[in-house]
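Reading the structure
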Amino acid sequence: MKKVIIVSVILILIAQSITFGLNSDEPSTWAVEIIESLNGLKILDEDVFVKYQENVTRGEFIYISVRVYEIFINREIVIDESITFTDTNDVYALKGATVGITAGIGNGKFGYDDYLTREQLATLMIKVLMLLEMDMEEPSDEIFFDDESISDWAKESIYLARNNGIVSGVGDNRVAPQGKATKEAVLTIAYNMLKKYDGTTLILNDGEEIVIDISVNVETSIETEKTVLIMYSSET
């Protein structure tokens, strides 16, 4: 009986240690400084900075990507009132559809609670840059070891993202394109995009020229020091 009790206690302790080790409210070690820096820019709501290691939904993604887009153009997107979805009236979903980031998943639905794969995430984030006609370096000839797992429609975007410092893979020269994207991966990509194009002159559709300046969102000199750090993690 004593042996059974001892074994049971050990199993409980192991289960608890696994649970604590997978605490999704804490970012992975590689993402901590990036997320702190992004939070310091004060461009995203505080409630975004939770559950970092959980799979990201299309709703969470569209909020982050639209905010990046609006920071780049230094103005709020005016929603096209002719655009509607049957499964959500979320402002950011409508803003994203207005500028063409995503039109939804078909049949009038946005798919607000659907999860994104890593290749879908890379493709959509590169689309943000393409919509703004941002300068990007062309992909090199080097490919990921799991290139055959990348969908044909996603390959250009994934290699554009890698060659422009937006993503770098999951280690061992792999990108795991069919794996689910996490919240911390989206936040890292958003930060990399903001840092890469900070100071860039952007010409809007109406001919107006603006200089992208993300530093205006930083509240303290300490946070300013953090934002000069740019890290290309092996997890994005």
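On a predicted model such as this, the values are computed, not experimentally measured, just so you know. (Residues numbered from 1 in each chain as written. Predicted model: local features only at pLDDT ≥ 70, side-chain atom pairs only at ≥ 80, totals over all residues. Heavy atoms only, no water.)

**Things to note about the confidence of the model for the protein**
- The predicted model of the protein has a mean per-residue pLDDT of 83, with 81% of residues at 70 or higher.
- Ignoring residues within four places in sequence, the model shows residues 4-21, a span with pLDDT below 50, making zero contacts including any to other chains.
- When the criterion is pLDDT under 50, residues 219-236 qualifies, and its contacts beyond four places in sequence or with other chains add up to 49 contacts. (pLDDT = per-residue confidence, 0-100. Contact = heavy atoms within 4.5 Å.)

**As for the layout of surface pockets**
- As a volume, the largest pocket reaches approximately 300 Å³.
- Lining of the largest pocket is provided by 14 residues; of these, Y69, I73, L132, L204 and N205 occupy positions nearest its centre.
- Elements that contribute at least two residues to the lining of the largest pocket include exactly α3 (58-73) and β1 (201-203).
- For the lining of the largest pocket, a count of residues per class yields nine nonpolar, one polar and four charged.
- Taken as a whole, the second largest pocket spans an internal volume of roughly 250 Å³.
- Broken down by element, the residue count for the lining of the second largest pocket peaks at four residues, all from α3.
- Residue classes in the lining of the second largest pocket are distributed as six nonpolar, one polar and six charged. (1 Å grid on protein atoms, 1.4 Å probe; cavity = no way out; pocket = protein on both sides within 12 Å on 5 of 7 lines; lining within 4 Å. Points joined across faces, edges and corners; volume = space filled by probe spheres on them. Helix = DSSP H or I, 4+ residues; strand = E, 2+ residues; numbered from the N terminus. Nonpolar A, V, L, I, M, F, W, Y, C, P; charged D, E, K, R; others polar.)

**A word on the environment of Y92**
- Counting through the fold element by element, Y92 comes out in helix α4 (residues 91-99).
- For the pair Y92 and S65, spaced 27 residues apart in the sequence, the C-alpha separation amounts to 9.1 Å.
- In contact with Y92, not counting residues within four places along its chain, are I62, Y63, V66, R67 and E70.

**Considering helix α2 (residues 32-40)**
- For α2, every residue scored as buried is listed here: I34, I35, S37, L38, N39 and G40.
- Once α2 finishes, K42 follows within two positions and takes phi at roughly 60°, a positive value. (Buried < 20%, exposed > 50% of the residue type's maximum accessible area, 1.4 Å probe, protein only.)

**Focus on the side chain of T123**
- Mapped onto the elements of the fold, T123 is located in helix α5 (residues 118-131).
- In contact with T123, not counting residues within four places along its chain, are W153, A154 and S157.

**A few points about the nonpolar core**
- L38, F72, L187 and L194 are the most contacted members of the largest nonpolar core, which totals 58 residues.
- Going through the elements one at a time, α2, α3, α4, α5, α6 (152-163) and α7 (183-197) are the ones with two or more residues in this core.
- No other element matches the ten residues that α3 contributes to this core.
- With near-sequence residues (within four places) excluded, L187 lies in contact with I35, L38, L44, V48, F49, Y52 and I64.
- Within the second largest apolar cluster, seven residues are counted, among which are A122, A154, Y159 and V175. (Core = buried A, V, L, I, M, F, W, Y, C linked by side-chain atoms within 4.5 Å.)

**Notes on the pattern of salt bridges**
- By the definition in use, this model includes seven salt bridges.
- For D147, the salt bridge goes to K155, with nearest N and O atoms at 3.0 Å.
- Residue class for D147 comes out buried when judged on its relative accessible area of 12%. (Salt bridge = Lys/Arg side-chain N within 4 Å of Asp/Glu carboxyl O.)

**Thoughts on the side chain of R118**
- Tracing the sequence through the fold places R118 in helix α5.
- Using a relative accessible area of 14% as the deciding quantity, one classes R118 as buried.
- Of note is the side chain of R118, whose polar atom sits 2.8 Å from the backbone oxygen of V175. (Polar contact = N/O pair within 3.5 Å; in protein donor to acceptor, adjacent residues only side chain to side chain.)

**Considering the packing of aromatic side chains**
- Applying the stated criterion to the full structure yields five aromatic pairs.
- Seen from their ring centres, F72 and Y197 are 6.2 Å apart, and the 80° between their planes marks the pair as edge-to-face. Here Y197 lies in helix α7 and F72 lies in helix α3, a separation of 125 residues in the sequence.
- Since its relative accessible area comes to 0%, F72 is described here as buried.
- Y197 gets classed as buried once you look at its relative accessible area, which sits at 4%.
- Arranged with centres 5.6 Å apart and planes meeting at 25°, the rings of F144 and Y159 form a pair that is stacked. Here F144, found in the loop between α5 and α6, pairs with Y159, found in helix α6; they are 15 residues apart in sequence, far enough to count as distant. (Phe/Tyr/Trp six-rings, centres within 6.5 Å; stacked < 30°, edge-to-face > 60°.)

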